[in-house]
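Fold and contact review
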Amino acid sequence: MGRRVILDTNVLIDYERGQVNREALDDDDLAIAAITVAEYRTGIELADTGERAAQRSRALAAIVGAVDVLEYTEATAVHHAQLIAHARRQGRPRGAHDLIIAAHAAETGRLVLSRDAAARFGALPGMNAEQPAS
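Numbers given for residues are sequential positions, taken from 1 along each chain in its written order. At least 70 in pLDDT is required for a residue's local features to be given in this predicted model, at least 80 for side-chain atom pairs to be given and counted, and no such filter applies to totals for whole chains, interfaces and linings, which use all residues. Based on all heavy atoms of the structure, the side-chain values leave hydrogens and waters out of the count.

What follows is about the overall build of the protein. Only DSSP runs of H or I covering at least 4 residues are called helices, and only runs of E covering at least 2 are called strands; the numbering of each starts at the N terminus. A tally of regular secondary structure across the protein gives five helices and five strands. Scanning the protein from its N terminus toward the C terminus, one meets helices and strands in the order β-α-β-α-α-β-α-α-β-β. Dimensions of the protein, computed from the C-alpha atoms along their principal axes, are close to 45 × 35 × 25 Å. Note on classification: 1.4 Å probe, protein chains only; a residue is buried when its accessible area is under 20% of the maximum for its type, exposed when over 50%, partly exposed between these limits. Buried residues in the protein amount to 40% of all 134 residues. Any two residues whose heavy atoms approach within 4.5 Å are treated as being in contact. Summarising the internal contacts of the protein: among those between residues at least 6 apart in sequence, 67% fall at separations of at least 24. All accessibility values rest on the Shrake-Rupley procedure with a 1.4 Å probe; residue burial counts only the protein chains present in the view. Accessible surface, the protein: about 7200 Å² in total, of which carbon and sulfur atoms supply 50%. Neither His nor the chain ends contribute to the count of charged residues, in which Lys and Arg are positive and Asp and Glu negative. Just so you know, the charge point we use is NZ for Lys, CZ for Arg, CG for Asp and CD for Glu. Once the 15 positive and 19 negative side-chain charges of the protein are each reduced to a mean point, those two points are 6 Å apart.

Below, the structure written as structure tokens:
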């Protein structure tokens, strides 16, 4: 078994577009946060054509069928609150959804795989983050 990984939404989008080295993830224990499903579904809702929406829906169904979807629990909330407090003490705003993904990573001991440099996952306490292989 490889790494325990949580995928950020941008990685799912890149995966759908064939911009992620899929073989590099083959041995990993992959998960996504339920909020990631909501972010991806927003892209389905905003698709410019019905065919594009259908393609994205099929991609999401395949992804959800292949990875663990982590639900927001009371334990997640504890980690989330700690990360919110950290961000506020630092005076550096963070995206609400990014902090939820980070909370899941902290709770489950997962590496965050993201291409979102602005999210700065690796700068959060106890967080490990990497960019996916192309």
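A few words now on the confidence of the model for the protein. Each residue carries a pLDDT score, the predictor's own confidence in it, on a scale running from 0 to 100. The predicted model of the protein has a mean per-residue pLDDT of 94, with 100% of residues at 70 or higher. By mean pLDDT, the top-scoring element of the protein is strand 3 (residues 68-70) (98), and the lowest-scoring one is helix 1 (residues 9-16) (91).

The next point concerns the packing of aromatic side chains. Side-chain rings of Phe, Tyr and Trp (the six-membered ring for Trp) are treated as a pair once their centres are within 6.5 Å; stacked means planes under 30 degrees apart, edge-to-face means over 60, and tilted covers the remaining angles. Inspection of the entire model under this criterion finds zero aromatic pairs. Seen from the ring of Tyr 15, Arg 22 lies directly overhead, with NZ or CZ sitting 4.1 Å from the centre. Two conditions define a charge located above a ring, namely a distance within 6 Å from the ring centre to NZ of Lys or CZ of Arg, and an angle within 35 degrees of the ring normal.

To continue, consider the nonpolar core. Val 5, Leu 7, Leu 12, Leu 30, Ile 32 and Tyr 40 are the most contacted members of the largest nonpolar core, which totals 19 residues. Elements with a contribution of two residues or more to this core: strand 1 (4-7), helix 1, strand 2 (29-33), helix 2 (34-45), helix 3 (50-66) and strand 4 (111-113). In terms of nonpolar packing, the next biggest core, distinct from the first, is built from 15 residues, Ala 31, Ile 101, Ala 102 and Leu 124 among them. Side-chain atoms within 4.5 Å are what join buried Ala, Val, Leu, Ile, Met, Phe, Trp, Tyr and Cys residues into a set we call a nonpolar core.

Turning our attention to the pattern of salt bridges. Any two side chains of opposite charge can pair, given that their charged atoms come close. Should a side-chain nitrogen of Lys or Arg be within 4 Å of a carboxyl oxygen of Asp or Glu, the pair is scored as a salt bridge. A full pass over the atoms with the stated rule returns eight salt bridges. Notably, a salt bridge pairs Asp 28 with Arg 3, separated by 2.7 Å at the nearest N-O pair. Note that Asp 28 is positioned in the loop between helix 1 and strand 2 and Arg 3 in the segment before strand 1, a separation of 25 residues in sequence. By relative accessible area, Asp 28 is classed as buried at 11%. In this structure, Arg 41 and Glu 45 form a salt bridge, with 3.8 Å as the shortest nitrogen-oxygen distance. Here Glu 45 and Arg 41 lie together in helix 2, a separation of four residues that amounts to about one turn. The class for Glu 45 is exposed, based on a relative accessible area of 59%.

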